[in-house]
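Descriptive analysis of the structure
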Amino acid sequence: MEKFANLAKIITILCASIITVCCLTYNYNTSPVSKDDSVKVFEVKQNSTYISIASDLKENNLIRSEFFYKLYIKINKPTGLQVGTYNLSEDMSVKEITELLSKGSNYNPDIIKITFPEGKQIKQIAEIIAEKTNHTQEEVIAQVSDKEYIKTLIEKYWFLTDDILNSKIYYPLEGYLFPDTYEFINKNVDIKTIIETMLNQMDKKLTPLKEEIEQNKYSIHQIVTLASMIQSEGNNVDDFKNMASVFLTRLDKGMKLQMCSSAYYGDKKIMGRDTFGTSYLKSNPYNTYVINGIPVGPISNPGIDAIEAVLKPNKNDYLYFASSKDMNIYYSKTLSEHESTIAKLKKAGNWYGS
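Residues numbered from 1 in each chain as written. Predicted model: local features only at pLDDT ≥ 70, side-chain atom pairs only at ≥ 80, totals over all residues. Heavy atoms only, no water.

Regarding the overall build of the chain
Along the backbone of the chain there are 14 helices and six strands. The principal-axis extent of the C-alpha atoms belonging to the chain is close to 70 × 70 × 45 Å. In the chain, buried positions account for 45% of the 354 residues. Taking the contacts inside the chain whose residues are at least 6 apart along the sequence as the reference set, 65% of them involve residues at least 24 apart. Accessible surface, the chain: about 18,500 Å² in total, of which carbon and sulfur atoms supply 52%. Taken as two groups, the 41 positive and 43 negative side-chain charges of the chain have centres that lie 5 Å from each other. (Helix = DSSP H or I, 4+ residues; strand = E, 2+ residues; numbered from the N terminus. Buried < 20%, exposed > 50% of the residue type's maximum accessible area, 1.4 Å probe, protein only. Contact = heavy atoms within 4.5 Å. Areas by Shrake-Rupley, 256 points an atom, 1.4 Å probe, with all protein chains shown as cover. Lys, Arg positive; Asp, Glu negative; His and termini not counted. Charge placed at Lys NZ, Arg CZ, Asp CG, Glu CD.)

Structure representation (structure tokens):
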């Protein structure tokens with residue numbers, strides 16, 4: 001009986017493994033081909049079916065696999081394929097493509113897509129908008145700096161508070177323009193439309209967390225500020241949660257946060273682009289090497305993972321972390337352990353300051 005029981009366990013594990021691999025393979029092959037959001041014009045002709053357009057979708061590099069695309073169609077049985085011309089892109093999943101094809105043509109020869117990566121500063125967002133639209137970087141900066149306009153936004157969005165009107169803040173909306181990919185009607189899209197589309201997305205992301213945010217010991221402005229530093233320093237969700245723990249523990253102990261990213265921003269520099277130099281020595285309301293506590297405002301525009309990390313950090317005793325050139329994060333509980341880690345990284349030529 002024991003042999004049969006062990007055999008049953010082996011068969012169960014084997015079946016579970018096969019199912020897991022199949023699911024992962026299916027999910028991968030129906031996911032977006034790439035992160036490229038460039039618009040591709042795709043035509044669905046009369047008498048076409050979801051199956052018959054598979055080869056055309058593959059030829060345009062809009063799907064990873066004809067087989068898994070057809071499998072998706074057979075499993076989900078989408079209906080109502082609409083004849084017409086569509087704006088599709090490689091960053092769309094099979095699900096997104098089929099849903100769009102069932103709604104009807106969205107074709108617009110002038111439509112533009114703008115992607116704002118996580119962790120970008122207002123200055124960088126303005127550069128991206130200037131590249132994609134008929135507006136200049138200076139025009140964008142002027143709009144996001146317009147205090148009267150900012151006041152109207154505070155009235156409209158619950159997560160924007162009077163804290164952003166602090167005269168020491170470089171850009172009032174820094175931290176609140178949600179990083180994502182957006183579509184706009186053409187290159188003449190109004191700057192306010194872009195701003196408020198990003199704020200609408202921020203609203204959509206934050207509203208489910210509203211109760212948690214209101215119950216937190218820190219204000220929404222402070223939460224977003226911490227998240228912006230986490231976004232600038234970390235590489236993944238686990239990093240974000242560990243860093244959040246470090247930040248919150250140091251704050252509880254009355255320790256300075258001492259984050260390079262805040263010193264860069266306070267010195268009006270961009271990480272990865274400008275030389276750090278003596279930025280950490282300069283006194284300003286952002287530099288956490290100088291000030292105690294949380295900076296006056298966000299230093300970048302974080303994604304939802306970084307914001308959630310502040311609300312739900314990992315539980316650990318870390319007080320320090322060091323980032324290496326190869327993008328790894330090393331955590332330490334004591335200063336001596338932290339200094340030893342840095343010494344090893346320097347010796348290996350894997351330290352930013354070396």
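Quick notes on the pattern of salt bridges
All chains considered together, the criterion is met by ten salt bridges. Between Glu 99 and Lys 95 there is a salt bridge, with its nearest N and O atoms 2.6 Å apart. Taken together, the residues Glu 99 and Lys 95, both in helix α4 (residues 94-103) and four residues apart, mark about one turn of the helix. Between Lys 312 and Glu 212 there is a salt bridge; the shortest N-O distance is 3.8 Å. Within this pair, whereas Lys 312 is found in the loop between α13 (304-311) and β5 (320-323), its partner Glu 212 is found in helix α9 (residues 210-215), the two being separated by 100 residues in sequence. (Salt bridge = Lys/Arg side-chain N within 4 Å of Asp/Glu carboxyl O.)

Things to note about the nonpolar core
Among the nonpolar cores identified, the biggest contains 68 residues, and Leu 160 and Leu 173 are the most heavily contacted of them. In this structure Leu 160 touches Leu 153, Ile 154, Leu 173, Tyr 176 and Leu 199, once residues within four positions along its chain are discounted. (Core = buried A, V, L, I, M, F, W, Y, C linked by side-chain atoms within 4.5 Å.)

Considerations on the environment of Ala 126
Within the secondary structure, Ala 126 sits in helix α5 (residues 122-132). Taking C-alpha positions, Ala 126 is 7.9 Å from Thr 136, a pair spaced ten residues apart along the chain. Other than its neighbours up to four places away in sequence, Ala 126 contacts Gln 137, Val 140 and Ile 141.

Examining the pairing of strand β6 (residues 329-332)
Pairing analysis gives four bridges linking β5 to β6, with the strands arranged antiparallel. Bridge pairing in β6 links Ala 322 to Tyr 330. The hairpin turn running from β5 into β6, its antiparallel successor, is five residues long, and Met 327 in that turn takes a positive phi close to 75°. (Pairing = 2+ DSSP bridges.)

Points about the packing of aromatic side chains
Under the definition given, this model contains 13 aromatic pairs. Note on Phe 67 and Phe 68: the rings are 5.1 Å apart at their centroids and 90° apart in plane angle, and the pair reads as edge-to-face. What makes Phe 67 exposed here is its relative accessible area of 55%. Taking relative accessible area as the criterion, Phe 68 reaches 16% and is therefore assigned buried. The interplanar angle of 20° and the centroid separation of 6.3 Å between the aromatic rings of Phe 159 and Tyr 176 together place this pair among those described as stacked. Note that Phe 159 is positioned in the loop between α7 (147-156) and β4 (181-184) and Tyr 176 in the loop between α7 and β4, a separation of 17 residues in sequence. Each member of the pair, Phe 159 as well as Tyr 176, is classed as buried. Through successive ring pairs, a cluster of aromatic residues spans Tyr 157, Trp 158, Phe 159 and Tyr 176. (Phe/Tyr/Trp six-rings, centres within 6.5 Å; stacked < 30°, edge-to-face > 60°.)

Quick notes on a nonpolar patch on the surface
Among the surface-exposed residues, Val 39, Val 41 and Tyr 107 lie close enough to one another that they form a single nonpolar patch of about 250 Å² accessible area. With respect to the element layout, Tyr 107 can be found in the loop between α4 and β3 (112-115). Residue Tyr 107 is classed as partly exposed on the basis of its relative accessible area, which comes to 39%. (Patch = residues over 30% accessible without salt bridge, like charges linked within 9 Å, V, L, I, M, F, W, Y side chains within 5 Å.)

Details of α7
Within the span of α7, buried status applies to Tyr 149, Ile 150, Leu 153 and Ile 154. For α7, the buried positions fall inside an angular range of 150° around the axis, keeping them on one side. Away from its buried face, by an angle of more than 90 degrees, α7 presents the exposed residues Glu 148 and Glu 155. Lining the buried residues of α7 we find α6 (137-144) and α8 (191-206). Backbone nitrogen of Glu 148 and a side-chain oxygen of the N-cap are separated by 3.0 Å at the start of α7; the cap is Asp 146. (Arc of directions from axis to C-beta. Polar contact = N/O pair within 3.5 Å; in protein donor to acceptor, adjacent residues only side chain to side chain.)

Here we look at α13
Most of α13 is tucked away: six of the eight residues are buried. Turning to α13, its buried residues number three or more, namely Ile 304, Ala 306, Ile 307, Ala 309, Val 310 and Leu 311. Where the residues of α13 are buried, they touch α8, α9, α10 (220-233) and α11 (237-252).

Description of unusual backbone geometry
Here the phi dihedral of Asn 61 falls at roughly 60°; this positive angle occurs in a residue that is not glycine. Along the polypeptide, Asn 61 turns up in the loop between α2 (54-59) and α3 (66-76).

Some thoughts on the side chain of Ser 31
If you trace the backbone, Ser 31 turns up in the loop between α1 (2-29) and β1 (40-44). At a separation of 2.5 Å, a polar atom in the side chain of Ser 31 contacts the main-chain carbonyl oxygen of Tyr 28.

What about the packing of α11 against α13?
Two numbers describe how α11 lies on α13: the axes approach to 8 Å, and their chain directions differ by 40°. By the angle between their directions, the pair α11 and α13 is classed as oblique. Pair α11 / α13 crosses with right-handed handedness. Contact residues: Val 237, Phe 240, Lys 241, Ala 244 and Leu 248 in α11; Asp 305, Ala 306, Ala 309 and Val 310 in α13. For the contact of α11 with α13, a count of residues per class yields seven nonpolar, no polar and two charged. (Axes fitted to C-alpha atoms, helices over the stretch in contact; angles between N-to-C directions. Parallel < 35°, antiparallel > 145°, perpendicular 65-115°, else oblique. Left-handed = near helix turned anticlockwise from the far one by under 90°. Nonpolar A, V, L, I, M, F, W, Y, C, P; charged D, E, K, R; others polar.)

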